[in-house]
Amino acid sequence: MIKTLLLIGSGSFLGGICRYLISRAVQNIFHHGFPLGTMAVNIAGCFLIGIIYGMSEKHGIPGDNMKLFLTVGFCGGFTTFSTFVQESSLMLGNGNIVHFVLYPTISFGLGPLAAYLGNLLAR
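The text that follows walks through the structure, step by step, so that each part is easy to find. (Residues numbered from 1 in each chain as written. Predicted model: local features only at pLDDT ≥ 70, side-chain atom pairs only at ≥ 80, totals over all residues. Heavy atoms only, no water.)

**Thoughts on the packing of helix α4 (residues 81-93) against helix α5 (residues 97-122)**
Put simply, the rule reads: Every angle, taken between N-to-C directions, lies between 0 and 180 degrees, and every axis is a line fitted to C-alpha atoms, over only the stretch in contact when it is a helix. Secondary structure elements follow DSSP: runs of H or I of four or more residues count as helices, runs of E of two or more count as strands, with numbering from the N terminus. Here the word oblique covers every angle except those under 35 degrees (roughly parallel), over 145 (roughly antiparallel) and from 65 to 115 (roughly perpendicular). Take the far helix as the reference: if the near one is turned anticlockwise from it by less than a right angle, the crossing is left-handed, and if turned clockwise, right-handed. Contacts between residues were defined by any pair of non-hydrogen atoms, one from each residue, lying within 4.5 Å. Gly counts as polar in this scheme, as do all residues outside two lists: the nonpolar Ala, Val, Leu, Ile, Met, Phe, Trp, Tyr, Cys and Pro, and the charged Asp, Glu, Lys and Arg.
At a minimum axis separation of 7 Å, α4 and α5 run at an interaxial angle of 155°. Regarding the angle of α4 to α5, the classification is roughly antiparallel. With respect to the hand of their crossing, α4 and α5 are arranged in left-handed fashion. For the pair α4 and α5, the contacting residues are Phe81, Phe84, Glu87, Ser88, Met91 and Leu92 in the first and Ile97, His99, Phe100, Tyr103, Pro104, Ser107 and Phe108 in the second. Residues of the contact of α4 with α5, tallied by class, amount to nine nonpolar, three polar and one charged.

**Some remarks on helix α3 (residues 64-78)**
Which entries qualify depends on this criterion: In a helix, the anticipated span is given by 1.5 Å times the number of residues less one. Accessible area is worked out with a 1.4 Å probe on protein chains only. A residue is then buried under 20% of its type maximum, exposed over 50%, and partly exposed in between.
Here α3 contains 15 residues, and its C-alpha end-to-end distance of 19 Å stays within 8% of the 21 Å for a straight helix at 1.5 Å per residue. Burial in α3 covers these residues: Lys67, Phe69, Thr71, Gly73, Phe74, Cys75, Gly77 and Phe78. Looking at the buried residues of α3, the elements they touch are α1 (2-30) and α2 (36-59).

Below is the structure:
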């Protein structure tokens, strides 16, 4: 159990750092009020988890421990539902209805599609 928790915790640690760096980089490149950084990491995380599960189902790789490290740990730390909700809440509070509608629509539309495509690619 301790080994499992350490695998998940270390994956989450690395995923969180990557999320911060990539989200910030994307936001700095596009200088836009729309939260492209968070949306980019969430969709990329969906794609990555699709690849991991596709490889696991088709080829049996990675093994159980690495799968926990990558999915629950890294992807769990990399993606962020709470930031997504907070950013959506701020858009609504600021009266930015167009972005408030677009953000979840794009995120919930592209997220599952990215996971599906990642899974398809890995198979």
